[in-house]
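# Structural overview for review
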Amino acid sequence: DSWREALSGVVAASVAMVPDGLVLLTSLAFMAGVLTLAKRQALVRELASVELLARVDTLCLDKTGTITTGHIALSSVETIDGSEPGELLAALAASDPDPNATLRAVAEAYPQPPGWTLGATVPFASSRKWSAAEFEGVSDGAGGDGSGTVAVYLGAPEILLRGRHPEVAEQVAAHAAEGERVVLLATASHVAGEELPDDLSPRALVLLQDEIREDAAETLDFFARQGVQLKVVSGDHPATVAAVARRAGVPGADEGLDARDLPMDDASALADIAEQRTVFGRVTPRQKREMMLSLQGRDHVVAMTGDGVNDVLALKDADMGIAMGSGSGASRAVAQLVLLDNRFASLPSVLAEGRRVMNSVERAANLFIYGTVYSVLISLVIAAVGTEFPFLPRHLTLVRVLSVGVPGFFLALAPDSRVARPGFLERVVRF
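As a starting point, this report considers the structure included with it. (Residues numbered from 1 in each chain as written. Predicted model: local features only at pLDDT ≥ 70, side-chain atom pairs only at ≥ 80, totals over all residues. Heavy atoms only, no water.)

## Details of the pattern of salt bridges
Under the definition given, this model contains 20 salt bridges. Its salt-bridge partner being Asp311, residue Lys288 comes within 2.5 Å of it at the nearest N-O pair. Of this pair, Lys288 sits in helix H12 (residues 285-297) while Asp311 sits in the loop between strand S12 (302-306) and helix H13 (312-317), placing them 23 residues apart in sequence. Of the two residues, Lys288 and Asp311, both sit in the buried class. Shared partners join several salt bridges into a network, and the residues in it are Lys63, Arg181, Asp210 and Asp236. (Salt bridge = Lys/Arg side-chain N within 4 Å of Asp/Glu carboxyl O. Helix = DSSP H or I, 4+ residues; strand = E, 2+ residues; numbered from the N terminus. Buried < 20%, exposed > 50% of the residue type's maximum accessible area, 1.4 Å probe, protein only.)

See the structure below:
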């Protein structure tokens, strides 16, 4: 009879059907999660990362700086040709103005360089896995060809040996199986750019020790119990990586796979190996990235932890990049989550917070959609009967505040550590 009454009824019914408070509560739940993580020294760079945390089912770990503290100590030097390699090591360590962890460990053990004149240099690169420097004014017996010039190489033994000197390769394998990091010191007459010279001669094995984090075993056990697959990817020798992973308690770390044997030109075969194996050694930055993509292609939600420049590609392409606060600026810049306190043990609480937020949002969504359903049913009944809509807009506002709004607020902030599962929309509609 009155268009005013009709309009009032339409507005009341329409307002009741729209789950408008769900948008607010979802944002509040996400923001509360971000603030909680911030109190735990975990910096979330994107709000949507909270959801990704809840859905992670595969965690890829870079050994150095994640399972280990990142501090490397030189344990011993095992000479190959009987000469004393101290001057060579000291000179090489002093030649790099921005040394990596290995050269820093060498410099700590050999702090007095011999004062030779530095010539050509080749800085360390993860793709080559060696560095080199050429020196002039070298004393007799220190190396080279007797002309006072020597090129010093330090890097992965299997790369520098190039299949030669099998007896040295056996020594390397024996030390790697015990969990020691092994790098080879070799000399040549000159530096041949980024190519290895033909007259490269092995001089000594440099043995290094990684310090495993005290909380690594407990943290890794948490992820294993939660059904999260663990993958250890590192540029070190496969046997060394496997030994460290076993000491840290990584399930399935019986044997490491050399990444140089991965079928990089076959995406399906690479995905099969990435799913089946746990420990990978001699992995280049590009291979880390391809492994992330292959796992994602199998519908895995992949998180990657790392702290170095060589982890940047993988951190950027993983569903969830997690960087250590003490890591490189590049790794922190591309990661969605930064552990400011540099504690690997923070990850379980970070994962639990992500799950709490998503499960709470689902509970709140159930309640809000329930309110929408009963509002639609009321409208259908009124339309079928042909009577006036019995509520004014202010009635529905009060009813929804008491029946949906206030309970939804507490549901959105309640604790819940259940594993987040796919099928959010289907479950809410079915409810």
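## A look at the environment of Arg356
By the element assignment, Arg356 lies in helix H15 (residues 347-385). Since its relative accessible area comes to 10%, Arg356 is described here as buried. Remark: the alpha-carbon pair of Arg356 and Ala54, spanning 302 residues in sequence, is separated by 7.9 Å. If we skip the residues at most four places from it in the chain, Arg356 touches Ala29, Ala32, Gly33, Ala412, Leu413, Ala414, Pro415 and Asp416. (Contact = heavy atoms within 4.5 Å.)

## Points about the packing of aromatic side chains
Under the criterion given, the structure shown has four aromatic pairs. Arranged with centres 5.8 Å apart and planes meeting at 65°, the rings of Trp116 and Phe135 form a pair that is edge-to-face. In this pair, Trp116 is assigned in the loop between helix H6 (101-109) and strand S4 (117-125) and Phe135 in strand S5 (residues 130-136), connecting sequence segments 19 residues apart. Between Trp130 and Tyr153, the aromatic rings sit 5.4 Å apart at their centres with planes inclined by 50°, giving tilted as the arrangement. Separated by 23 residues along the polypeptide, Trp130 in strand S5 and Tyr153 in strand S6 (residues 149-155) bring together distant segments of the chain. (Phe/Tyr/Trp six-rings, centres within 6.5 Å; stacked < 30°, edge-to-face > 60°.)

## Brief notes about the nonpolar core
If you look at the biggest cluster of nonpolar residues, it comprises 36 residues, and the most contacted ones within it are Leu59, Ile67, Phe223, Val250, Met320, Leu337 and Leu339. Among the elements that take part in this core, helix H10 (residues 238-248) stands out by supplying five residues, more than any other. In this structure Leu59 touches Phe223, Val228, Gln229, Leu230, Lys231, Ala303, Thr305 and Leu347, once residues within four positions along its chain are discounted. Membership of the second largest hydrophobic core comes to 23 residues, among which are Leu88, Ala101, Val106 and Leu154. (Core = buried A, V, L, I, M, F, W, Y, C linked by side-chain atoms within 4.5 Å.)

## Some remarks on unusual backbone geometry
Even without being glycine, Gln41 reaches a positive phi, approximately 65°. Of note, Gln41 is situated in the loop between helix H2 (20-39) and strand S1 (42-44). For Gln41, a relative accessible area of 36% puts it in the partly exposed group. With a phi close to 55°, Arg282 is a non-glycine residue in the positive phi region. You can see Arg282 is positioned in the loop between strand S11 (279-281) and H12. Given the relative accessible area of 6%, Arg282 is considered buried.

## Quick word on the sheet that holds S11
Overall, mixed pairing links the eight strands, which are arranged S1-S14-S13-S12-S2-S9-S11-S10 in an open sheet. The open sheet has two edge strands with one neighbour each: S1 and strand S10 (256-258). The mean angle between the axes of side-by-side strands here comes to 20°, regardless of whether they run parallel or antiparallel. Of the pairings in the sheet, the one linking strand S2 (residues 58-62) to S12 comprises four bridges and is parallel in character. Paired with Leu59 across the two strands is Ala303, which belongs to S12. Each of S1, S2, S12, strand S13 (320-324) and strand S14 (337-339) touches H15; the most contacted strand, S14, lies at about 145° to it. (Pairing = 2+ DSSP bridges. Axes fitted to C-alpha atoms, helices over the stretch in contact; angles between N-to-C directions.)

## Regarding the sheet that holds S6
The strand order across the open sheet formed by six strands is S3-S8-S7-S6-S5-S4, and the pairing between neighbours is antiparallel. Edge positions in the open sheet fall to strand S3 (68-79) and S4, since each of these has one partner strand only. Direction aside, the axes of adjacent strands within the sheet are offset by 20° on average. Bridging between S3 and strand S8 (residues 201-212) involves eight bridges; their strand directions are antiparallel. Paired with Ala73 across the bridge in S8 is Gln209. Across the sheet, helix H5 (residues 86-95) touches S3, S4, S5, S6, strand S7 (181-188) and S8, and the angle it forms with S5 is around 105°. Across the sheet, H6 lies against S3, S6, S7 and S8, angled at about 55° from S3, the strand it touches most.

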